Amino acid sequence: MSQLRESIHGQWSSRWIFVLAATGSAVGLGNIWKFPYITGENGGGAFVLIYLLCIAVIGIPIMMAEIMLGRRGRRSPINTMRHLAAEEGRSPLWQYLGWAGVLAGVLILSYYSVIAGWSLAYVARAVSGVFEGATADAVGLVFSDLVSDPERLLAWHTIFMVMTMVVVARGVKGGLEKAVSYLMPALFVLLIILVGYAMSTDHFVDGLSFLFTPDFSKLTTDGVLIAMGHAFFTLSLGMGAIMVYGSYLPEHTSIAKTTFMVAGADTLVALLAGMAIFPIVFANGLEPASGPGLVFQTLPIAFGQMPGGTFFASLFFVLLVFAAWSSAISLIEPLVAWLVENKNMTRIMASVWAGMGTWLLGIGTVLSFNVLSGKEYQLFDKTFFDLLDYLTANIMLPLGGLLIAVFAVWQMRKQSSMDELEMSNTTGYQLWRFLLQYITPIAVVLVFLRAIGVI
Ligand code: TRP
């Protein structure tokens, strides 16, 4: 048994704060920006169904495993894996799982910050009233003007990285949780208003049927991989973000219940975003598969037509920035916690170094939308941004999640996981174990083999 029952970085003041922080991490650009555009690119309903299935049978059990490992290890993911492997008499190589997670977090944050920068830019545009009565064409132009200008993208990316590192430097408990506890519900309400607006277009049913009527002829193998990858991405799984948050979780809180709340809220937000966006897409004759700009090219049209649109548009993009902010801090926290533990750095110095490295890498993404967007700069038909996103979300996260599952159920003693989950050998526990023992590894491996064309 570990002697250290509290992390040196402190601990959440209550289970509720943990739920907020984990929901803050999960709900982000993944739900509002990424989910709609990849759903559009992958044909709709069938893709959504696979995504939901992955959330239920892979995402939820892995989230429980990550929280459980984090709380048991009480350290940064690298040291948690090292420590737990030793405690369970397993190979020290398991610490490299922590390292892979740190790398994935930095890679993801480097482009996440650029997209969060778009949201910041849109706050500025919304406040100035440019969307008032704007046509789809005008809104499209606002977007292409923004992304074609590397200087502006770099400026917004820089501002967002500084915002993120300021919060991380103060410790994840400082400040943001309070903000998140008001802003997340506000975002939720605003999404419902937007869905209400979408109902008033005469294409609401088209939007719904695009999202919820599965047509498997539209789903490619790659689409299945993307759906699975997104289940990891949207729940912040597979790289240690939820593990590090779990390491700050007080004892005697139900990990299962907490997980259901976080996963439920996250899924709801994504579906609401889809229900708001697709009716607008169809009502305005836009292309569902138009890519990463989808949200930025659709919702402003709706704002432009509704009463009080400038106000709602400004509010929406502010809330989107907050959602991205509370996600971003969890992407870098595993690295910062490790720097504090092993390199004797203060949180401030750790944040500065981690932030600078991530910021630098982000320049690649900034340029991939303009200067380096041409075919001659692409690999496998993908820009630098596309490659990073594909590599992290569809390969690194599922692989990390698979290994987390293997560790939790094949390497740890059964008693250890039962103790930490505070579950006895109930049906619930057995189901959790079964899903991680067999379903998760088999599903991930099959989808991988299929995607590379082996089967
Ligand atoms: N889940 C967040 C979103 O949907 C992004 C995110 C935060 C994330 N932390 C993560 C993704 C860790 C993968 C791993 O926007």
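Residues numbered from 1 in each chain as written. Predicted model: local features only at pLDDT ≥ 70, side-chain atom pairs only at ≥ 80, totals over all residues. Heavy atoms only, no water.

Q: Which residues make up a nonpolar patch on the surface, and what values go with them?
A: A surface patch of nonpolar side chains, amounting to about 920 Å² of accessible area, comprises Trp410, Leu431, Phe434, Tyr438, Ile442, Leu446, Ile452, Val454 and Ile455. At five residues, helix H18 (residues 427-451) tops the list of elements feeding residues into the nonpolar patch. Among the secondary structure elements, Leu446 is positioned in helix H18. (Patch = residues over 30% accessible without salt bridge, like charges linked within 9 Å, V, L, I, M, F, W, Y side chains within 5 Å. Areas by Shrake-Rupley, 256 points an atom, 1.4 Å probe, with all protein chains shown as cover. Salt bridge = Lys/Arg side-chain N within 4 Å of Asp/Glu carboxyl O. Helix = DSSP H or I, 4+ residues; strand = E, 2+ residues; numbered from the N terminus.)

Q: I'd love a proper account of the environment of Val366, names of residues and values included.
A: Assignment of secondary structure puts Val366 in helix H15 (residues 347-368). For the pair Val366 and Ile455, spaced 89 residues apart in the sequence, the C-alpha separation amounts to 37 Å. The contact partners of Val366, leaving out residues within four places of it in the chain, are Val114, Pro150, Leu153, Leu154 and His157. (Contact = heavy atoms within 4.5 Å.)

Q: Tell me what's going on with the packing of aromatic side chains, and back it up with residues and numbers.
A: Scanning all chains against the criterion turns up 30 aromatic pairs. Pairing Phe210 with Phe282 gives two aromatic rings, centres 5.5 Å apart and planes at 70 degrees, and the pair type is edge-to-face. Here Phe282 lies in helix H12 (residues 255-283) and Phe210 lies in helix H9 (residues 204-212), a separation of 72 residues in the sequence. Aromatic pair Phe303 and Phe317: ring centres 6.3 Å apart, planes at 65 degrees, arrangement edge-to-face. Linking Phe303 in helix H13 (residues 294-305) with Phe317 in helix H14 (residues 309-342), this pair joins segments that are 14 residues apart in sequence. The two residues Phe303 and Phe317 agree in class, both being buried. The lysine or arginine in question, Lys34, covers the ring of Phe233, its NZ or CZ lying 4.3 Å from the ring centre. The ring of Tyr390 carries the charged tip of Lys382 above its face, separated from the ring centre by 4.5 Å. (Phe/Tyr/Trp six-rings, centres within 6.5 Å; stacked < 30°, edge-to-face > 60°. Buried < 20%, exposed > 50% of the residue type's maximum accessible area, 1.4 Å probe, protein only. Lys NZ or Arg CZ within 6 Å of the ring centre and 35° of its normal.)

Q: Can you tell me about the site of the ligand, naming the residues and giving the values?
A: Surveying the vicinity of the ligand reveals 17 residues, the closest of which are Ala26, Gly30, Tyr112, Phe233 and Ser330. At 2.5 Å from an oxygen atom of the ligand is found a side-chain nitrogen or oxygen belonging to Tyr112. Between the ligand and Ser330 there is a distance of 3.0 Å, counted from a nitrogen atom to a side-chain nitrogen or oxygen. When the ligand is considered free in solution it has 370 Å² of accessible area, and contact with the protein chains removes 100% of it. Elements with a contribution of two residues or more to the shell around the ligand: helix H1 (15-26), helix H2 (29-41), helix H5 (95-127), helix H10 (221-234) and H14. Considered class by class, the residues forming the shell around the ligand number nine nonpolar, eight polar and no charged. (Near = heavy atom within 4 Å. Polar contact = N/O pair within 3.5 Å; in protein donor to acceptor, adjacent residues only side chain to side chain. Nonpolar A, V, L, I, M, F, W, Y, C, P; charged D, E, K, R; others polar.)

Q: So what's going on with the nonpolar core? Which residues, and what values?
A: The biggest cluster of nonpolar side chains holds 164 residues, and the ones touching the most others in it are Trp118, Phe316, Phe317 and Trp432. A total of 19 residues in this core trace back to one element, the largest contributor, which is H14. Residues within four places of Trp118 in sequence aside, it is in contact with Trp33, Phe143, Leu146, Val147, Leu153, Pro292, Phe296 and Phe369. (Core = buried A, V, L, I, M, F, W, Y, C linked by side-chain atoms within 4.5 Å.)

Q: Run through the side chain of Asn370, naming residues and quoting values.
A: Structurally, Asn370 is set in the loop between H15 and helix H16 (384-411). One polar contact links the side chain of Asn370 to the main-chain carbonyl oxygen of Val366, over a distance of 3.1 Å. Excluding anything up to four places from it in sequence, Asn370 contacts Val147, Ser148, Asp149, Pro150 and Leu153.

Q: Let's hear about the pattern of salt bridges: which residues, and what values?
A: Oppositely charged side chains are able to pair whenever their charged atoms sit close together. Under the criterion given, the structure shown has nine salt bridges. The partner of Arg72 in a salt bridge is Glu420, with the nearest N and O atoms 2.9 Å apart. Taken together, the residues Arg72 in helix H3 (residues 45-73) and Glu420 in helix H17 (residues 414-421) connect sequence positions 348 residues apart. One salt-bridge network, held together by shared partners, links Arg71, Arg72, Glu87 and Glu420.

No statement about biological role is implied by the geometric values presented.
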